[in-house]
Amino acid sequence: DAGVIQSPRHEVTEMGQEVTLRCKPISGHDYLFWYRQTMMRGLELLIYFNNNVPIDDSGMPEDRFSAKMPNASFSTLKIQPSEPRDSAVYFCASSTDRVGTQYFGPGTRLLVL
Amino acid sequence: EDKVVQSPLSLVVHEGDTVTLNCSYEVTNFRSLLWYKQEKKAPTFLFMLTSSGIEKKSGRLSSILDKKELFSILNITATQTGDSAIYLCASYVDDKIIFGKGTRLHILP
């Protein structure tokens, strides 16, 4: 298995632009998680899905952030409009179990200028 | 407020030393505790602990959970430079997972 796949690996954009991050979970994993990691705040859970349905989005910082999972093999995290404080590494992870091992993708390093 | 606290924040030791990383948690409805190793990229899974007092071991790494005192430790014996990484501890609480800030471990050759 290729593991969790994320794209792009790096993104540099200007403030105000829309950013879309993509994730392909491991096949057969029913749970998909989006995280954000910064030096100041560490690793934070933004939202997670079970069987393509968003279960808990309480970690999403504000309305500028949205996430979708149109099918079992694809999810997006969108930021519109982006701001410099959104600069972080965004990880996607998948799991077969809500409280089990999560397998992380390589992350997308986002820089908003 | 649920929280996971790791200590120390940073640790520098010489190759061959043994290190102990600490993770304490204050959470409601604890489910499990996980340890991850993060090198330059994504966190990779090390251990999941759900029961008190049962040591989990993988090579030179081992971990144990104390549900009465609400903490876990991660031990690394005979450290190597490849052990240099950030070690993350996380606790599952109901539908959420909460990560600690991590311990940054650096092994000097």
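Right, let's walk through the structure included here. Remember, predicted model here, so these are calculated numbers, not experimental data.

## Observations concerning the packing of aromatic side chains
Summed over all chains, the structure comprises 12 aromatic pairs over all chains. For the pair Phe33(A) and Tyr35(A), a centre-to-centre distance of 6.4 Å together with 25 degrees between the ring planes defines the contact as stacked. Among the aromatic residues, ring-to-ring pairing joins Tyr31(A), Phe33(A), Tyr35(A), Tyr48(A), Phe91(A), Phe104(A), Tyr36(B), Phe45(B) and Phe99(B) into one connected group.

## Section: the state of the cysteines
All chains considered together, the criterion is met by 2 disulfides over all chains. Between the sulfur atoms of Cys23(A) and its disulfide mate Cys92(A) the distance is 1.8 Å. Residues Cys23(A) and Cys92(A) are joined by a disulfide whose S-S torsion is about -65 degrees; by sign, that bridge is left-handed. With Cys23(A) in strand β3 (residues 19-24) and Cys92(A) in strand β9 (residues 88-95), this residue pair connects regions lying 69 residues apart in the sequence. No difference in accessibility class separates Cys23(A) from Cys92(A), as the two residues are buried. A sulfur-sulfur distance of 1.8 Å marks the disulfide that ties Cys23(B) to Cys89(B). Judged by the sign of its S-S torsion, about -65 degrees, the bond between Cys23(B) and Cys89(B) is left-handed. Highlighted residues: Cys23(B) in strand β3 (residues 19-26) and Cys89(B) in strand β9 (residues 85-93), separated in sequence by 66 residues. Taken individually, Cys23(B) and Cys89(B) each receive the classification buried, so the pair is uniform in this respect.

What counts, and at which threshold
Residues numbered from 1 in each chain as written. Chains lettered and ligands numbered in written order. Predicted model: local features only at pLDDT ≥ 70, side-chain atom pairs only at ≥ 80, totals over all residues. Heavy atoms only, no water. Phe/Tyr/Trp six-rings, centres within 6.5 Å; stacked < 30°, edge-to-face > 60°. Disulfide = S-S within 2.5 Å. Helix = DSSP H or I, 4+ residues; strand = E, 2+ residues; numbered from the N terminus. Buried < 20%, exposed > 50% of the residue type's maximum accessible area, 1.4 Å probe, protein only.

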